[in-house]
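Below, each chain spelled out in residue letters.
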Amino acid sequence: MLLEGKTALITGGTSGIGLAVARRFLREGAVVMVAGRNPERCQHVVAELASIKGDGAVHALPTDVNCSADVKRLVAESIATFGHIDLLINSAGIYLEKRLEETSEAEWDQLLAINLKGPYLCCREIYPHFRACGGGVIINISSDAGLTGNRDCAAYCASKGGLSNLTRALALDYARENIRVNAVCPAVIDTPMLQAVVDLQQDPEAYLQETRNNHPQNRIGTSDEIAFAVLMLACDESGFTTGANLSVDGGITA
């Protein structure tokens, strides 16, 4: 029960890595507010997660992290529901597999809005609360593409590179206020976002096999493996860790 008594706000918490983090946090004793864009999915996730810790331990709020009014409402309702927030997990994100010359201005703007502006808005909104409470923890879900360049996804690399460096900058700005800021940087993970990319391929199995081969461990990671890394950074035992971009990528950035 590493998070007993803790409260967590998780964006992108209705699917993929964010949902896996919510499950793990609940099992470790936390209560959680999950945010996602789809209202029906939010309701479904609350019903699913309530079986882990019971009614009242998990709430969900439909949220567009690119909208400052939505983010303001999300943080305010989370505080009103639980009394305080200890952990902010910025997991909302999208992926686009296109070369730069194929990427439209609208696609570029959408990638940067969700993957980088969203965490900026969430961090900016929660900072006064963390300061008033004497501290807090922010964990951003970045990517191996936030640490190195990847082929055929320039906009995604730009957004995650920005997020990884935002993590470092905020860690320095907030260190003396007992606010820790770290990021987890996964490689390819078995999530609905990956499946959406696979479904677009002419030969899905060949695409998956090539993706596996690109990883030194010759496999794709799981959401639960990323959730454990997030848990490690979230717990009090990691109190001396801030400004880190933790690679959880099967060795791909090595």
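Look above for the structure.
Criteria and cut-off values
Residues numbered from 1 in each chain as written. Predicted model: local features only at pLDDT ≥ 70, side-chain atom pairs only at ≥ 80, totals over all residues. Heavy atoms only, no water. Core = buried A, V, L, I, M, F, W, Y, C linked by side-chain atoms within 4.5 Å. Buried < 20%, exposed > 50% of the residue type's maximum accessible area, 1.4 Å probe, protein only. Helix = DSSP H or I, 4+ residues; strand = E, 2+ residues; numbered from the N terminus. Contact = heavy atoms within 4.5 Å. Phe/Tyr/Trp six-rings, centres within 6.5 Å; stacked < 30°, edge-to-face > 60°. Axes fitted to C-alpha atoms, helices over the stretch in contact; angles between N-to-C directions. Parallel < 35°, antiparallel > 145°, perpendicular 65-115°, else oblique. Left-handed = near helix turned anticlockwise from the far one by under 90°. Nonpolar A, V, L, I, M, F, W, Y, C, P; charged D, E, K, R; others polar. Pairing = 2+ DSSP bridges. Disulfide = S-S within 2.5 Å.

Enquirer: Describe the nonpolar core, with residues and values.
Expert: One finds Phe25 and Val230 to be the most contacted residues of the largest nonpolar core, which totals 68 residues. At nine residues, helix α4 (residues 105–133) tops the list of elements feeding residues into this core. If we skip the residues at most four places from it in the chain, Val230 touches Val21, Phe25, Ile89, Ile139, Ile141 and Val184.

Enquirer: Lay out the packing of aromatic side chains with the relevant residues and their values.
Expert: The tally for this structure, following the rule as stated, stands at two aromatic pairs. Measuring from ring centre to ring centre gives 4.8 Å for Tyr95 and Tyr156, while their planes differ by 80°; the resulting arrangement is edge-to-face. Of this pair, Tyr95 sits in the loop between β4 (87–90) and α4 while Tyr156 sits in helix α5 (residues 154–174); the two residues are 61 residues apart in sequence, bridging distant segments of the chain. When its relative accessible area of 27% is taken as the criterion, Tyr95 is described as partly exposed. By relative accessible area, which is 10% here, Tyr156 ends up buried. Measuring from ring centre to ring centre gives 4.5 Å for Tyr127 and Tyr174, while their planes differ by 15°; the resulting arrangement is stacked. In this pair, Tyr127 is assigned in helix α4 and Tyr174 in helix α5, connecting sequence segments 47 residues apart. Here the two residues Tyr127 and Tyr174 agree in accessibility, since each one is buried.

Enquirer: Which residues make up the packing of helix α1 (residues 16–27) against helix α2 (residues 39–53), and what values go with them?
Expert: Between α1 and α2, the least distance of the axes is 9 Å, while the angle of their chain directions is 30°. As far as their axial angle goes, α2 and α1 are roughly parallel. Every pair of crossing elements has a handedness; the one defined by α1 and α2 is right-handed. Facing Leu19, Ala22, Arg23, Leu26 and Arg27 of α1, the residues of α2 in contact are Arg41, Val45, Glu48, Leu49, Ile52 and Lys53. Of the residues that constitute the contact of α1 with α2, the class distribution is six nonpolar, no polar and five charged.

Enquirer: Describe the sheet that holds strand β5 (residues 136–141), and please don't skip the residues or the numbers.
Expert: In a beta sheet, neighbouring strands pair by backbone hydrogen bonds and run either parallel or antiparallel. Spatially, seven strands are ordered β3-β2-β1-β4-β5-β6-β7 in an open sheet, and the strand pairing comes out parallel. The sheet is open, and its two borders are formed by β3 (58–62) and β7 (245–248), each paired with just one other strand. Pairs of neighbouring strands in the sheet enclose a mean axial angle of 20°, with direction left out of account. Relative to β3, strand β2 (residues 31–36) runs parallel, the two being bridged by five bridges. Bridge assignment links Gly36 to a residue of β3, and that residue is Pro62. Relative to β3, α2 is tilted by about 170°, and along the sheet it contacts β2 and β3. Relative to the sheet, helix α8 (residues 223–234) contacts β4, β5, β6 (179–186) and β7, its axis offset from that of β6 by approximately 160°.

Enquirer: Go over the state of the cysteines, please, and point to the residues and values.
Expert: Under the definition given, this model contains zero disulfides. Take Cys42: it sits in no disulfide, and the sulfur closest to it among the cysteines is that of Cys122, at 14 Å. Among the cysteines around Cys122, which has no disulfide bond, Cys123 carries the closest sulfur, lying 6.9 Å off.

Enquirer: Please provide a residue-by-residue account of unusual backbone geometry, values included.
Expert: Negative phi characterises most residues that are not glycine, and trans characterises most peptide bonds. Despite not being glycine, Asn178 has its phi angle at roughly 60°, a positive value. For Asn178, the position within the fold is in the loop between α5 and β6. Among the residues examined, Asn178 registers a relative accessible area of 51% and is labelled exposed.

Enquirer: Which residues make up the environment of Leu87, and what values do they have?
Expert: Within the element layout of this structure, Leu87 appears in strand β4. A residue is classified by how much of its surface remains accessible, and Leu87, at 1% relative accessible area, is buried. Here the alpha-carbon distance between Leu87 and Ile138, two residues 51 residues apart in the chain, equals 5.9 Å. Those residues within four positions of Leu87 in sequence are excluded, and the remaining contacts are Leu3, Lys6, Thr7, Ala8, Leu9, Phe25, Phe130, Val137 and Ala234.

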